[in-house]
Amino acid sequence: MPKVGRAATWFTRIFASSQFAENIPLPRDLRAVILDGSGAIKYLAEIETPVAICIFDRSVADETAVELVVQMRNTRSEPIGMNELRWHPPEGVEALAFTVAL
């Protein structure tokens with residue numbers, strides 16, 4: 001959420017993870033993507049944007065999405081600190097942000 005008035009957020013695109021496969025490949029003009037939950041994160045390898053932010057709910061026992069993100073972040077990207085994004089996830093939620101090598 002922007003902290004300043006008159007912020008240009010009207011151009012944000014939202015895709016439901018249940019219909020995400022129908023929207024891939026994503027438009028090339030996207031500068032960043034936020035993948036919220038395992039349903040969206042499983043498409044990470046097919047997404048070509050300069051910045052990816054992945055949000056995990058640690059109350060879910062499935063670690064598949066976490067392993068995918070850590071592997072991709074370690075091999076094809078540079079981490080971005082959440083402080084740089086000026087956002088901190090709430091209790092029980094973990095987020096990783098990184099640049100994606102295109």
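Anything mentioned here points back to the structure above.
What counts and how
- Residues numbered from 1 in each chain as written.
- Predicted model: local features only at pLDDT ≥ 70, side-chain atom pairs only at ≥ 80, totals over all residues.
- Heavy atoms only, no water.
- Salt bridge = Lys/Arg side-chain N within 4 Å of Asp/Glu carboxyl O.
- Helix = DSSP H or I, 4+ residues; strand = E, 2+ residues; numbered from the N terminus.
- Phe/Tyr/Trp six-rings, centres within 6.5 Å; stacked < 30°, edge-to-face > 60°.
- Buried < 20%, exposed > 50% of the residue type's maximum accessible area, 1.4 Å probe, protein only.
- Core = buried A, V, L, I, M, F, W, Y, C linked by side-chain atoms within 4.5 Å.
- Contact = heavy atoms within 4.5 Å.

1. Remarks on the pattern of salt bridges
Then comes step 1: On inspection of all chains with the given rule, the structure shows one salt bridge.
Then comes step 2: Taking the shortest distance from any N to any O, the salt bridge between Glu 48 and Arg 28 comes out at 2.9 Å. In this pair, Glu 48 is assigned in the loop between helix H1 (38-41) and strand E2 (51-57) and Arg 28 in the segment before strand E1 (32-36), connecting sequence segments 20 residues apart.

2. Description of the packing of aromatic side chains
Then comes step 1: One pass over the full model with this rule turns up two aromatic pairs.
Then comes step 2: Measuring from centroid to centroid gives 6.2 Å for Phe 15 and Phe 20, while their planes differ by 75°, and the two rings are edge-to-face.
Then comes step 3: We classify Phe 15 as partly exposed; its relative accessible area is 28%.
Then comes step 4: Clustering of aromatic rings is evident, with ring pairs tying together Phe 15, Phe 20 and Tyr 43.

3. Focus on unusual backbone geometry
Then comes step 1: Geometrically, the link from Ile 24 to Pro 25 is a cis peptide bond, its omega value of 5° lying close to zero.
Then comes step 2: Structurally, the position occupied by Pro 25 is in the segment before E1.

4. Section: the nonpolar core
Then comes step 1: One finds Leu 35, Leu 44, Cys 54, Phe 56 and Val 69 to be the most contacted residues of the largest nonpolar core, which totals 20 residues.
Then comes step 2: At the level of secondary structure, the elements contributing two or more residues to this core comprise E1, H1, E2, helix H2 (64-76) and strand E4 (93-100).
Then comes step 3: Setting aside residues up to four positions removed in sequence, Phe 56 forms contacts with Ile 41, Ala 65, Val 66, Val 69, Gly 92, Val 93, Glu 94 and Leu 96.
Then comes step 4: Residues Ile 55, Ile 80, Ala 95 and Ala 97 belong to the second largest nonpolar core, which totals seven residues.

5. Observations regarding the environment of Tyr 43
Then comes step 1: Along the chain, Tyr 43 turns up in the loop between H1 and E2.
Then comes step 2: The class for Tyr 43 is buried, based on a relative accessible area of 14%.
Then comes step 3: Residue contacts for Tyr 43: discarding those within four places in its chain leaves Ser 17, Phe 20, Ala 21 and Ile 24.

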